[in-house]
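Secondary and tertiary structure notes
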Amino acid sequence: MGLLYEQPTQWILIASLLLIAILSFIDDTSHVDSKIRLVLQSVAVGSILYLVTPQFSLLLLLFLFILITGVINAYNFMDGINGITVLYSLVTLGSMYWVQQSIPAFLSDYLFIALLTALLVFSFFNVRKKAACFSGDVGSVSLAFIFCFLLLKMSIVTDFGWWILFLGVYGVDTVFTIVCRIFRKEPLMQAHRSHFYQYLANEAGWTHIQVSILFAIVQLVLNISVVYSYTTGQIWVSLAALFAFVIIYTIFRLRLEGHKRLFVTYNPD
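As a starting point, this report considers the structure included with it. In this text, all values refer to a predicted model and were calculated from it rather than measured experimentally. (Residues numbered from 1 in each chain as written. Predicted model: local features only at pLDDT ≥ 70, side-chain atom pairs only at ≥ 80, totals over all residues. Heavy atoms only, no water.)

**A few points about the overall build of the protein**
Put simply, the test is: The helix count covers DSSP runs of H or I at least four residues long, the strand count covers runs of E at least two residues long, and both are numbered beginning at the N terminus. Throughout, radius of gyration means the C-alpha value; the globule benchmark is 2.2 Å times the number of residues raised to the power 0.38. Any residue under 20% of the maximum accessible area for its type is buried, any over 50% is exposed, and the rest in between are partly exposed; the area is computed with a 1.4 Å probe on protein chains only. In what follows, a contact means two residues having at least one pair of non-hydrogen atoms within 4.5 Å. Accessible surface is estimated by sampling points in the Shrake-Rupley manner with a 1.4 Å probe; for residues, cover comes only from the protein chains shown.
On a plain count of helices and strands, the protein comes out with twelve helices and zero strands. Along the protein, from the amino end to the carboxyl end, the secondary structure elements read α-α-α-α-α-α-α-α-α-α-α-α. Taking 18 Å as the expected radius of gyration for a compact globule of 269 residues, we find that the protein reaches 18 Å, a close match to that expectation. The dimensions of the protein, computed from C-alpha atoms along their principal axes, are 55 × 45 × 40 Å. When the 269 residues of the protein are sorted by exposure, 47% land in the buried category. Counted over contacts in the protein with a minimum sequence separation of 6, partners at least 24 positions apart contribute 71%. As presented, the protein carries roughly 13800 Å² of accessible surface, and 71% of it is formed by carbon and sulfur atoms.

The structure is reproduced here in structure tokens:
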């Protein structure tokens, strides 16, 4: 309803959000063929590009289509333990609302307040040892879809494309894990639990809440560096923060899990 209030004439966006939410709900309760899911998800992603990027080149539109599709699926893959999606989403959305305060032409505060309130209410039932409810595909995919729209709109309004780093932690963990699976010659569409957050929660003895807070805090630090880069024009700050995170993340994974486990044979205990 927040999107409808903010963009009453852009019914395409509302319809696309409902499409991807209904698709994900069906996938949660039964099963949706991967080809059907890909087609309908492509329609939803295409709607974002149609609404906010009509002046972009075909090559850039193709890049954005692949990027947004990847972000949506990565967000879904990362939703595997209690608290991680809602805490990470609060940091991401809260950071966008922070930026919103300096961009009057971006979007109304009502949208952010509505979404933040919904996340806070959900966190009461999800951020606990035994969660009372879960986001499922319908929650994580819908959130990722909304975030992609907001970040894309932010990037166009501010002429600053580095807002994508607001999803940097999830991105690094997803890309690193995919690279490891390619080296291990595993089918990428096959279910797995080899993300770093899964290792920490399932094998390293961390609680779900500890892992979720860690990911949220690291993303918050990265977000602060991005906002600083935007306000000062010093892009190197956010790039340096991202580079430092990638190095530290890689070192920790190699030290804790080992080269053989990551790149040769993954055998969870």
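**Some remarks on helix α8 (residues 168-183)**
Put simply, the test is: The span one expects for a helix is its residue count, reduced by one, times 1.5 Å.
For α8, spanning 16 residues, the distance from its first C-alpha to its last is 22 Å, which sits close to the expected 22 Å at 1.5 Å a residue. Within α8, the full set of buried residues consists of Gly168, Val169, Tyr170, Val172, Asp173, Thr174, Phe176, Thr177, Cys180 and Arg181. The inward-facing, buried residues of α8 contact α4 (58-77), α5 (84-100), α9 (196-202), α10 (208-232), α11 (235-257) and α12 (259-263). A positive phi of about 60° marks Lys185, the residue just after α8.

**Some thoughts on α10**
Here α10 spans 36 Å end to end across 25 residues, near enough to the 36 Å set by a 1.5 Å rise per residue. Those residues of α10 not exposed but buried are Val211, Ser212, Phe215, Ala216, Gln219, Leu222, Asn223, Ser225, Val226, Val227 and Ser229. Packing partners of the buried residues in α10 comprise α5, α8, α9 and α11. In the stretch just after α10, Gly233 is the one whose phi turns positive, near 80°.

**Digging into the packing of α5 against helix α6 (residues 109-126)**
Applied cut-off: Lines are fitted to the C-alpha atoms to define the axes, a helix being fitted only along its stretch in contact, and any angle between axes, read from their N-to-C directions, falls within 0 to 180 degrees. Angles below 35 degrees are treated as roughly parallel, those above 145 as roughly antiparallel, those between 65 and 115 as roughly perpendicular, and all remaining angles as oblique. Two helices crossing with the near one rotated counterclockwise from the far one by less than a right angle form a left-handed crossing, whereas a clockwise rotation gives a right-handed crossing. All residues other than Ala, Val, Leu, Ile, Met, Phe, Trp, Tyr, Cys, Pro, Asp, Glu, Lys and Arg, Gly among them, are scored as polar; the first ten of these are nonpolar and the last four charged.
Between α5 and α6, the least distance of the axes is 10 Å, while the angle of their chain directions is 160°. By the angle between their axes, α5 is roughly antiparallel relative to α6. Note on packing geometry: the crossing formed by α5 with α6 is left-handed. In contact with Val86, Ser89, Leu90, Leu93, Gly94, Met96, Tyr97 and Gln100 of α5, α6 contributes Asp109, Phe112, Ile113, Leu115, Leu116, Leu119, Leu120, Phe122, Ser123 and Asn126. Here the residues of the contact of α5 with α6 sort into twelve nonpolar, five polar and one charged.

The values reported here are purely geometric and, on their own, carry no functional implication.
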